[in-house]
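Next come the chains, spelled out residue by residue.
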Amino acid sequence: MRQKIVAGNWKMNNTIEEGKKLTSEIVDMVNKEGVDDVKVIIAPPAPYLSTVVGLTDGANNVEVSAQNCNEHESGAYTGEVSVSMLNSIDVKYAIIGHSERREYFHETNEQLSKKVDALLKSGLTPIFCCGETLSTRENGNHFEYVSNQLSEGLFHLGEEDFKKVVIAYEPIWAIGTGVTASSEQAQEMHAVLRKHLSSKYGTEIANNTSILYGGSCKPDNAKELFACEDVDGGLIGGASLKAKDFVDIVKSF
Ligand code: PGA
């Protein structure tokens, strides 16, 4: 279902104490502001997931996401976290294919398609990331490149499964750089992606898919980005580490 979503990806930041404080502040502010029509998602590092699930339990509209998962069910994969482990601690979402995972851990669309399958099988929602490098954009191949990430990572899914997926468009040149895509650039890409989804799944399903924007999204630019017709929210990195900034972004809708 197309939903307004603001997800905070802490990446590899915060001690457990800092994480607990940040979570409690976010839950308090979200409860106080009554932003009922926006789903708020917190994605802490794996060791804190269980604690953050506990702290958000009963909070209105606040859910917890992993930053990654392994595609295998279980077994000899030292250091990895399986979907059934996430499921067993009540984590409902997982960010998949963040550009940092694609770049530093060489994750491919093929591998990501398996992670998506593993998540859906256990009833978790994948937040599937896509996005181009600056050179791909400068060469003019960005629409084709990002559309292809969706085709290879998601288009094996049947309609019912696809309906459960959330997409996050994150231009790599905008992540952590302070350079945000303009609202025109974001809207243009989101519209292209929605059209690409509709070519595979039809207009109704495409129009019901949440497509988030990520990349230097901050309280001062979120409003303009979220006002775009095809932008359904944000995946927030740096600005999700401060409760007030994060909740101000949530309130930008
Ligand atoms: P940023 O990160 O907001 O710090 O640019 C976004 C992301 O990587 O999800």
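Everything discussed here concerns the structure shown above.
No experiment lies behind these values; they were computed from the predicted model shown.

**Student:** Just checking my understanding: could you explain the overall build of the chain for this structure?
**Tutor:** When you go through the chain residue by residue, the secondary structure sums to twelve helices and eight strands. In terms of overall size, the chain behaves like a compact globule, its C-alpha atoms giving a radius of gyration of 17 Å where 253 residues would be expected to give roughly 18 Å. In terms of overall dimensions, the chain has a C-alpha envelope of 45 × 45 × 35 Å along the principal axes. Counting across all 253 residues of the chain, residues that qualify as buried make up 53%. Summed over all atoms, the accessible surface of the chain reaches about 11,400 Å², with 49% contributed by carbon and sulfur.

**Student:** How should unusual backbone geometry be read in this particular structure?
**Tutor:** Peptide bonds are trans in most cases, and residues, glycine excluded, mostly fall at negative phi. Located in the positive-phi region is D90, a residue other than glycine, with phi close to 70°. Mapped onto the secondary structure, D90 falls in the loop between α3 (83-88) and β4 (93-96). A positive phi angle, near 55°, is found at S216, a position not held by glycine. The residue S216 is located in the loop between β7 (211-214) and α11 (219-226) in this model. With a relative accessible area of 9%, S216 lands in the buried category.

**Student:** Help me understand the pairing of β7 in this model?
**Tutor:** Put simply, side chains in a regular strand alternate between the two faces of the sheet. Of the two faces of β7, both are covered, the one formed by I211 and Y213 as well as the one formed by L212 and G214. As judged from the three bridges shared by strand β6 (residues 166-169) and β7, these two strands associate in the parallel manner. Bridged to A168 within β7 is L212. For β7 and strand β8 (residues 233-236), the ladder comprises two bridges, and the chain directions are parallel. Among the inter-strand pairings, G214 is bridged to a residue of β8, identified as L235.

**Student:** I keep staring at the site of the ligand and nothing clicks. Help me out?
**Tutor:** Surveying the vicinity of the ligand reveals the residues K11, H98, E170, A174, I175, G176, G215, S216, L235, I236, G237 and G238. One nitrogen or oxygen atom from the side chain of K11 is found 2.7 Å from an oxygen atom belonging to the ligand. The separation between an oxygen atom of the ligand and a polar main-chain atom of G176 is 2.6 Å. Burial of the ligand by the surrounding chains reaches 97%, relative to a free accessible area of 280 Å². The residue inventory of the shell around the ligand, partitioned by class, reads four nonpolar, six polar and two charged.

**Student:** I keep staring at the sheet that holds β8 and nothing clicks. Help me out?
**Tutor:** Across a sheet, paired strands are connected by hydrogen bonds in the backbone, their directions being either parallel or antiparallel. Taken in spatial order, the eight strands line up as β1-β2-β3-β4-β5-β6-β7-β8 and close into a barrel, and their pairing is parallel. Pairs of neighbouring strands in the sheet enclose a mean axial angle of 25°, with direction left out of account. One ladder, built from four bridges, connects strand β1 (residues 4-9) with β8; its direction is parallel. Paired with A7 across the bridge in β8 is L235. Strands in contact with helix α7 (residues 142-154) are β5 (125-130) and β6; relative to β5, the strand with the most contacts, it is inclined by about 150°.

**Student:** Looking at this structure, I do not really get the side chain of N9. What am I missing?
**Tutor:** Mapped onto the elements, N9 comes out in strand β1. There is a polar contact of 2.9 Å between the side chain of N9 and the backbone nitrogen of K11. The residues touching N9, leaving out its near neighbours within four places in the chain, are A43, Q67, I95, H98, L235, I236, G237 and S240.

**Student:** Quick question: what am I supposed to make of helix α9 (residues 183-201) here?
**Tutor:** End to end, α9 covers 26 Å across 19 residues, agreeing with the expected 27 Å (1.5 Å per residue, within 8%). S183, A186, Q187, M189, H190, L193, R194, H196, L197 and Y201 are the residues of α9 that are buried.

**Student:** What's the story with the packing of helix α1 (residues 16-33) against helix α12 (residues 243-251) in this structure? I'm lost.
**Tutor:** Between two packed helices, both the angle of their axes relative to each other and the distance between the axes serve to describe the pair. Look at α1 against α12: their axes get within 9 Å of each other, and the N-to-C directions meet at 35°. Here the hand of the crossing between α1 and α12 comes out right-handed. Taking contact as the criterion, the partners of L22, E25, I26, M29, V30 and E33 in α1 are, on α12, A243, K244, F246, V247 and K251. When the residues that make up the contact of α1 with α12 are grouped by side-chain class, the tally is seven nonpolar, no polar and four charged.

Cut-offs used in this document
Residues numbered from 1 in each chain as written. Predicted model: local features only at pLDDT ≥ 70, side-chain atom pairs only at ≥ 80, totals over all residues. Heavy atoms only, no water. Helix = DSSP H or I, 4+ residues; strand = E, 2+ residues; numbered from the N terminus. Rg over C-alpha atoms; globule rule 2.2 N^0.38 Å. Buried < 20%, exposed > 50% of the residue type's maximum accessible area, 1.4 Å probe, protein only. Areas by Shrake-Rupley, 256 points an atom, 1.4 Å probe, with all protein chains shown as cover. Pairing = 2+ DSSP bridges. Near = heavy atom within 4 Å. Polar contact = N/O pair within 3.5 Å; in protein donor to acceptor, adjacent residues only side chain to side chain. Nonpolar A, V, L, I, M, F, W, Y, C, P; charged D, E, K, R; others polar. Axes fitted to C-alpha atoms, helices over the stretch in contact; angles between N-to-C directions. Contact = heavy atoms within 4.5 Å. Expected span 1.5 Å × (residues − 1). Left-handed = near helix turned anticlockwise from the far one by under 90°.

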